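Each chain, letter by letter, is given below.
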Amino acid sequence: MESLLLRAYQRMYRAFGHQHWWPAESALEVCVGAILTQNTSWTNVELALCNLRHHQALDLAVLHSLEPKQLANLIRSAGYHNVKARRLKAFTSLIIETFDGQLELLFQEEGARARALLLGVNGIGPETADCILLYACSIPSFVVDTYTKRIFFRHSWINERASYDEVKQLCEESLSDSIGPHENRLEYWQDYHAQIVRIGKEFCRPKNPRCEACPLNELLPESGVKLSRSLSV
DNA sequence: TTCCTGCCCC
DNA sequence: GGGGCGGGAA
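Residues numbered from 1 in each chain as written. Chains lettered and ligands numbered in written order. Predicted model: local features only at pLDDT ≥ 70, side-chain atom pairs only at ≥ 80, totals over all residues. Heavy atoms only, no water.

*Asks:* Is there a simple way to explain the pattern of salt bridges in this structure?
*Replies:* Where charged atoms of side chains with opposite charge meet at close range, the side chains can pair. Enumeration over the complete set of coordinates arrives at nine salt bridges. Here Arg11 and Glu218 are joined by a salt bridge, their closest N and O atoms 3.1 Å apart. You can see Arg11 sitting in helix α1 (residues 2-16) and its partner Glu218 sitting in the segment after α12 (185-202), a full 207 residues away along the chain. A residue is classified by how much of its surface remains accessible, and Arg11, at 23% relative accessible area, is partly exposed. Of the charged contacts in the structure, one is a salt bridge between Lys168 and Glu172, with a shortest N-O distance of 2.9 Å. (Salt bridge = Lys/Arg side-chain N within 4 Å of Asp/Glu carboxyl O. Helix = DSSP H or I, 4+ residues; strand = E, 2+ residues; numbered from the N terminus. Buried < 20%, exposed > 50% of the residue type's maximum accessible area, 1.4 Å probe, protein only.)

In C-alpha cells, the structure reads:
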C-alpha cells in the first residue's frame, strides 16, 4: 500500500503539478472556508468569503460580535447559512475563550490536543478539523473527504464502509516514510489532498467517471476494465 | 434536476 | 442509519 499511494501521488503530481493549497489570504480565512465548504461547492463558498471581506467581517472579533442573523445573511451563498453561522460563532468562541482571541496560539498546541479542541466545537467534525490543522495550523494531519473515499474505494484500496479514521490512519502510515518531491511531510500532505480533490472533481465523479483519461487509470485493480461500481460512495 | 471538499440530532 | 439543513451552478 505504501508504494501504491506514493505512485498515485506521483501520477497526479505529474499530471497537475503542485496545487499550492489552501487558496486563502489568512489562516482565519482557511478556518472560515473549511466550515463554509461543508457539503458545498467551493464557488459558492468564494462568494460568501468575498462578501465577508467586503463587509470587513473576515475578522475574528467582528465574526464573533455579529448577530447570528446578520452573519447568516453574509454567508447565504454558501448554503446551510443558518447552521454555518452558528458553527462559525462556535469556532470564534473557542478561540476567544480558550486563546484570548489569538488564533496563532492554536497553532502552537500539540497536534492531538489541537485536533481534540477543534472536534469539541459543535459543527466541526473530523474533516473540517483536519483541514484547519493541515492548512491553517501547519500541523500535518491528513484530510479525508468524500473524494478520498470514493477514489480509494473504486481502486479497491479500502473497504466501502471504511471509517474516516481508518482511511486517515492508512494514509498517514503509508505516506509517513516518503515526502514525494517536497520539502517536508506537511507540504506533501497538503498537496496530496489537493490532488485528490482535483481527481474527484474532474475524473472520479459520482456518475460517469472518466477512468480512461484519469491519471490514476493504470492503478485500477484490473487496468483497462471498466468498473461496475461507478455509483455510490 | 442533480450535485456540491459534512455534521448534528433523533 | 435517516432526516434536516440550502443556495448556486451545470
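*Asks:* Could you clarify how one ought to interpret the protein's contact with DNA strand C in this entry?
*Replies:* In the vicinity of DNA strand C, the residues found are Asn39, Thr40, Asn44, Arg76, Ser77, Ala78, Gly79, Tyr80, His81, Asn82 and Val83. By atom count, sugar and phosphate contribute 48% of the portion of DNA strand C lying within 4 Å of the protein. A distance of 2.3 Å is found between a base oxygen of DNA strand C and a side-chain nitrogen or oxygen belonging to Tyr80. Here a phosphate oxygen of DNA strand C sits 2.8 Å away from a polar atom, N or O, in the main chain of Asn82. Ranked by residue count, the leading element in the surface near DNA strand C is helix α6 (residues 81-99), at three residues. (Near = heavy atom within 4 Å. Polar contact = N/O pair within 3.5 Å; in protein donor to acceptor, adjacent residues only side chain to side chain.)

*Asks:* Got a minute to help me understand the side chain of Glu29 in this structure?
*Replies:* Its location among the elements puts Glu29 in helix α2 (residues 27-36). The exposure class assigned to Glu29 is buried, which follows from its relative accessible area of 6%. For Glu29, the residues in contact, after removing those within four places along its chain, are Pro23, Ala24, Leu49, Arg53 and Leu58. (Contact = heavy atoms within 4.5 Å.)

*Asks:* Looking at this structure, how should I read the side chain of Thr40?
*Replies:* Note that Thr40 resides in the loop between α2 and α3 (42-54). Only 2.9 Å separates the side chain of Thr40 from the backbone oxygen of Gln38, close enough to count as a polar contact.

*Asks:* What am I meant to see in the protein's contact with DNA strand B here?
*Replies:* Close to DNA strand B lie 25 residues, the nearest being Trp21, Asn39, Tyr147, Pro206 and Lys207. In DNA strand B, the atoms that sit within 4 Å of the protein are 75% sugar and phosphate, with bases accounting for the remainder. One nitrogen or oxygen atom from the main chain of Asn39 is found 2.7 Å from a sugar or linking oxygen belonging to DNA strand B. Broken down by secondary-structure element, the contributors of at least two residues to the surface near DNA strand B are α9 (126-136), α10 (146-154) and α12. Considered class by class, the residues forming the surface near DNA strand B number eight nonpolar, 11 polar and six charged. (Nonpolar A, V, L, I, M, F, W, Y, C, P; charged D, E, K, R; others polar.)

*Asks:* I would appreciate a short explanation of α3 in the present structure.
*Replies:* Residues lying three or four places apart along an α-helix face the same way, a consequence of the helix completing one turn every 3.6 residues. Between its terminal C-alpha atoms α3 stretches 18 Å, which fits the 18 Å expected from 13 residues at 1.5 Å a residue. Those residues of α3 that fall on the buried side of the exposure criterion are Val45, Ala48, Leu49 and Leu52. The arc that holds every buried residue of α3, seen down its axis, measures 100°, which confines them to one face. Of the exposed residues in α3, those oriented more than 90 degrees away from the buried face are Thr43, Leu47 and His54. Along its buried surface, α3 packs onto α2, α4 (60-65) and α5 (68-74). (Expected span 1.5 Å × (residues − 1). Arc of directions from axis to C-beta.)

*Asks:* Got a minute to help me understand the domain arrangement of chain A in this structure?
*Replies:* We note that the domain assignment places domain 1 (2-20 + 143-219) and domain 2 (27-136) within chain A. The distance between the C-alpha centroids of domain 1 and domain 2 comes to 26 Å. Counting residues at the interface gives 11 residues for domain 1, matched by seven residues for domain 2. Among the residues of domain 1 in contact with domain 2, Val143, Tyr164 and Gln190 are the three that bury the most area, contributing 54% of the side total. Between the two partners, domain 1 and domain 2, sit two salt bridges. Between Asp130 and Lys168 there is a salt bridge whose closest N-O contact spans 3.3 Å. (Domains from an automatic or database assignment. Buried area = accessible area lost by both parts, 1.4 Å probe.)

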